[in-house]
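Okay, here's what each chain looks like letter by letter:
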Amino acid sequence: MDSATLPRHGRGVRMLHGINALVVLILLVTGLALGGLLPGRAVALLGGHLGTDAAHRLLGLAFAVALVVLVATLPRRAGRLLRDVVRFRHGDWRWPLRFLAFYGARRGGRAPFHDGRFDPAQRIVFMGLVLAVAAVAASGVYLYFWTPAFPLGQASLAFAIRVHVAAAWLLIACLCLHVIAGSGLPWTHRGLVAAMFGNGRVPAVLAHTLWPGWASRMVADTRQRPSIDRDHRDA
Ligand code: HEM
């Protein structure tokens, strides 16, 4: 029974997520290099300051354009992701503290209930991620096309740089939390990594712990329509 799994993410989402993770990682490393926060040897390895600058600007622009194209071509999927992230039900705000108590009890008791596809703590981190990505991409595009002739000239340049750097730090902070949880380091999250970097399935025990309402719906749906499981569509 413990080896039972539930389908969580389809192949398309997993591929997109993998490409996105790689691109964001490259942008963060090149951005830190440009900010003088990496040792000179690392910057030389990346192609020197000029090479790193060109790579960061071009990849950043491509990332921002791809984001807009994705949202424009898949508005329903993007809307559903956003809805699942921002929708908080009564009692969801108390979930993180209750979950911490459950976590500390180490397998004693029952994980607190919530009804969402993502748990409330995960939703808060995703809100930070979405906000940070939007701000870093918008300010990056502005900086890419900025010329001294732009309205407000130097003042707008300084403001855009400040937004870009602050949003990048927010992104790094949220990503650290996301990667710690996503790689399955906490005992409650063991096996979660396969949802994005494996076969797209998660252990049923994990699903009932992290997303109890979603897991119960999935079990009922899979029983009624086994094709959900067979096709391995997105849950
Ligand atoms: C390389 C490090 C990363 C790891 C190990 C990782 C891990 C995961 C895992 C395991 C999930 C599935 C969570 C679930 O099913 O509830 C997930 C979902 C997600 N990740 Fe990541 N992730 C990484 C990088 C990123 C980056 C760089 C971003 C964005 C900037 C990101 C944004 C997301 C989003 C938005 C979802 C939800 C996708 C959906 O359900 O449609 N991840 N990640």
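Owing to the predicted nature of the structure, the values given are computational and were not obtained by experimental measurement.

What to know about the packing of aromatic side chains
This model, assessed by the stated rule, comprises eight aromatic pairs. Their ring planes at 45° and their centres at 5.7 Å tell us that Phe102 and Trp187 sit as a pair that is tilted. Taken together, the positions of Phe102 in helix H5 (residues 95-104) and Trp187 in the loop between helix H7 (153-182) and helix H8 (194-197) put the pair 85 residues apart, joining distant regions of the chain. For the pair Phe118 and Phe126, a centre-to-centre distance of 5.0 Å together with 85° between the ring planes defines the contact as edge-to-face. We classify Phe118 as buried; its relative accessible area is 4%. Over the aromatic face of Phe88 sits the side chain of Arg123, whose NZ or CZ is 4.8 Å from the ring centroid.

Observations regarding the site of the ligand
Close to the ligand lie 20 residues; Arg8, His9, His17, Gln122 and His178 are nearest. One nitrogen or oxygen atom from the side chain of His178 is found 2.8 Å from a nitrogen atom belonging to the ligand. Listed by contribution, the elements that provide at least two residues to the shell around the ligand are helix H1 (11-34), helix H6 (120-145), H7 and H8. Per-class residue counts for the shell around the ligand are 12 nonpolar, six polar and two charged.

Details of the coordination of the iron atom of the ligand
Reference values for angles at a metal are 109.5 degrees in the four-donor tetrahedral case and 90 or 180 degrees in the six-donor octahedral case. All of the protein donors around the iron atom of the ligand are His17 (NE2) and His178 (NE2); their distances to the metal are 2.0 Å. The coordination sphere of the iron atom of the ligand comprises six donor atoms, whose angles at the metal cover 86 to 179°; the geometry is octahedral. In this pair, His17 is assigned in helix H1 and His178 in helix H7, connecting sequence segments 161 residues apart. Overall, His178 belongs to the partly exposed group, its relative accessible area being 23%.

Brief notes about the packing of H6 against H7
Interhelical geometry of H6 versus H7 gives an angle of 150° and a closest axis separation of 8 Å. Classified by the angle their axes make, H6 and H7 are roughly antiparallel. When you trace H6 past H7, the crossing you get is left-handed. Considering only residue class, the contact of H6 with H7 consists of 20 nonpolar, six polar and no charged.

Things to note about the environment of Arg41
Turning to its location among the elements, Arg41 is positioned in helix H2 (residues 40-45). Arg41 sits in the exposed class, given a relative accessible area of 73%. For the pair formed by Arg41 and Thr30, sequence separation is 11 residues and the distance between their alpha carbons is 13 Å.

Quick look at the pattern of salt bridges
In total, this model carries four salt bridges according to the counting rule given. A salt bridge links Asp115 to Arg217; the shortest N-O distance between them is 2.9 Å. Highlighted residues: Asp115 in the loop between H5 and H6 and Arg217 in helix H10 (residues 212-224), separated in sequence by 102 residues. Taken together, the shared-partner salt bridges connect Arg80, Asp84 and Arg117 into one network.

The rules behind these values
- Residues numbered from 1 in each chain as written.
- Predicted model: local features only at pLDDT ≥ 70, side-chain atom pairs only at ≥ 80, totals over all residues.
- Heavy atoms only, no water.
- Phe/Tyr/Trp six-rings, centres within 6.5 Å; stacked < 30°, edge-to-face > 60°.
- Helix = DSSP H or I, 4+ residues; strand = E, 2+ residues; numbered from the N terminus.
- Buried < 20%, exposed > 50% of the residue type's maximum accessible area, 1.4 Å probe, protein only.
- Lys NZ or Arg CZ within 6 Å of the ring centre and 35° of its normal.
- Near = heavy atom within 4 Å.
- Polar contact = N/O pair within 3.5 Å; in protein donor to acceptor, adjacent residues only side chain to side chain.
- Nonpolar A, V, L, I, M, F, W, Y, C, P; charged D, E, K, R; others polar.
- Donors = N, O, S within 2.8 Å, 3.2 Å for Na, K, Ca; no water.
- Tetrahedral: all angles 85-135°; square planar, octahedral: opposite > 155°, others 65-115°.
- Axes fitted to C-alpha atoms, helices over the stretch in contact; angles between N-to-C directions.
- Parallel < 35°, antiparallel > 145°, perpendicular 65-115°, else oblique.
- Left-handed = near helix turned anticlockwise from the far one by under 90°.
- Salt bridge = Lys/Arg side-chain N within 4 Å of Asp/Glu carboxyl O.

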